[in-house]
Amino acid sequence: PTTATAFANGTLSYAKVRALIVVATPDNEEELAALAIDTPAGALREVLAHWMGRNLEPDDLTDHQNRQRSVKWRTEPDGMTTFTLRLPPYMAAILISRLTRLVMTSRPKPASDGSWPNLAQQHADALHNALTTGTGGITTEVVLHVRGDGNTTDNGTPITDTVITDIAPQSYIRALIHDAQGRPINASAKQRHPSTRQRRVVKERDRTCIDCGRTELLEYDHNPNYKDTRHTIIEELELRCAPCHHRRHQQDSA
């Protein structure tokens, strides 16, 4: 009733109602509707996920997510097939990491009309390659952040203590220390490519492409260029998506 009334009088948008009905119950509806009113629609799903992480016991949330997992598909009028996947956060993180790595290590090919595939199409190609030829020798990394205020995957999706406890014995654990202002502490080296620790520090600091804000296809860019400094340090590494990285170096060489 609370959600229906708020939708009817325009307090809640259709997009917000669609997010609410996934988790709302008669017991929490009023609290979640009030939360939704004060949250932008684009951020609401993540806010609700964090709310569930704070208000459900880790075992209960893990059980809920496992019960909700599904893969469905349907045939569209143009003959294409649309898949809908609902995956627990850790399972989704593995899939995203594999597809991202395959996209980053492959070379897209133009279509017959000369157009280049967009990112969604490249992900589809990566999935096709994974299903038909496997991932070969590609190694991927799934980073899980374990913090005092809650655990998340690398893209900010909450993940329960139960999952962390289950995978920790088989995981490689590395501490990333922050200073009093919450900034990751520096780590330096002289090699050409950033070390694992350096990449994690820069990723934690920048989070997105510093030029366009993109969150996909992120690379580590030397600024000034490595050929000029001959060293790799945190202060001279910047996170850029592949298109912005390529564009910056094209401008440098022009």
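In the block above lies the structure referred to throughout.
Below is a summary of the structure that appears in this document. (Residues numbered from 1 in each chain as written. Predicted model: local features only at pLDDT ≥ 70, side-chain atom pairs only at ≥ 80, totals over all residues. Heavy atoms only, no water.)

1. Notes on the packing of aromatic side chains
Then, in step 1: Considering all chains together, one arrives at two aromatic pairs under this definition.
Then, in step 2: Here the aromatic rings of F7 and Y14 are separated by 6.4 Å at their centres, their planes lie at 45°, and the arrangement is tilted.
Then, in step 3: Judged by relative accessible area, F7 falls into the partly exposed class, the value being 41%.
Then, in step 4: With a centroid separation of 5.5 Å and 40° between ring planes, the pair formed by W73 and F83 is classed as tilted. With W73 in strand β1 (residues 70-75) and F83 in strand β2 (residues 81-86), this residue pair connects regions lying ten residues apart in the sequence.
Then, in step 5: By relative accessible area, F83 is classed as partly exposed at 48%. (Phe/Tyr/Trp six-rings, centres within 6.5 Å; stacked < 30°, edge-to-face > 60°. Buried < 20%, exposed > 50% of the residue type's maximum accessible area, 1.4 Å probe, protein only. Helix = DSSP H or I, 4+ residues; strand = E, 2+ residues; numbered from the N terminus.)

2. Side note on helix α6 (residues 89-104)
It helps to recall that an α-helix has 3.6 residues per turn; residues three or four apart then point in one direction.
Then, in step 1: Spanning 16 residues, α6 covers 22 Å between terminal C-alpha atoms, matching the ideal 22 Å at 1.5 Å per step.
Then, in step 2: Buried residues of α6: P89, A92, A93, S97, L99, L102 and V103, and no others.
Then, in step 3: On its buried side, α6 packs onto α5 (58-68), α7 (119-133), β4 (150-153) and β5 (158-159). (Expected span 1.5 Å × (residues − 1). Contact = heavy atoms within 4.5 Å.)

3. Description of the sheet that holds β5
Then, in step 1: An order of β3-β4-β5 is seen for the three strands of this open sheet, with the pairing classed as antiparallel. At either end of the open sheet lies a strand with only one pairing partner, and these are β3 (144-147) and β5.
Then, in step 2: Here β4 runs beside β5; their pairing, made up of two bridges, is antiparallel. What sits directly across from N151, in β5, is I159. (Pairing = 2+ DSSP bridges.)

4. Some words on the nonpolar core
Within soluble globular proteins, side chains that are nonpolar generally end up buried alongside one another.
Then, in step 1: By size, the foremost hydrophobic cluster in this structure holds 14 residues, and its most contacted members are L12, L20, L32 and L48.
Then, in step 2: Broken down by secondary-structure element, the contributors of at least two residues to this core are α2 (14-23), α3 (29-37) and α4 (41-55).
Then, in step 3: Contact partners of L48, with chain neighbours within four places excluded, come to A19, L20, V23, L32 and L35.
Then, in step 4: Among the nonpolar cores identified, the runner-up in size contains nine residues, and V202, C209, L218 and L239 belong to it. (Core = buried A, V, L, I, M, F, W, Y, C linked by side-chain atoms within 4.5 Å.)

By themselves, these observations are geometric and do not establish any function.
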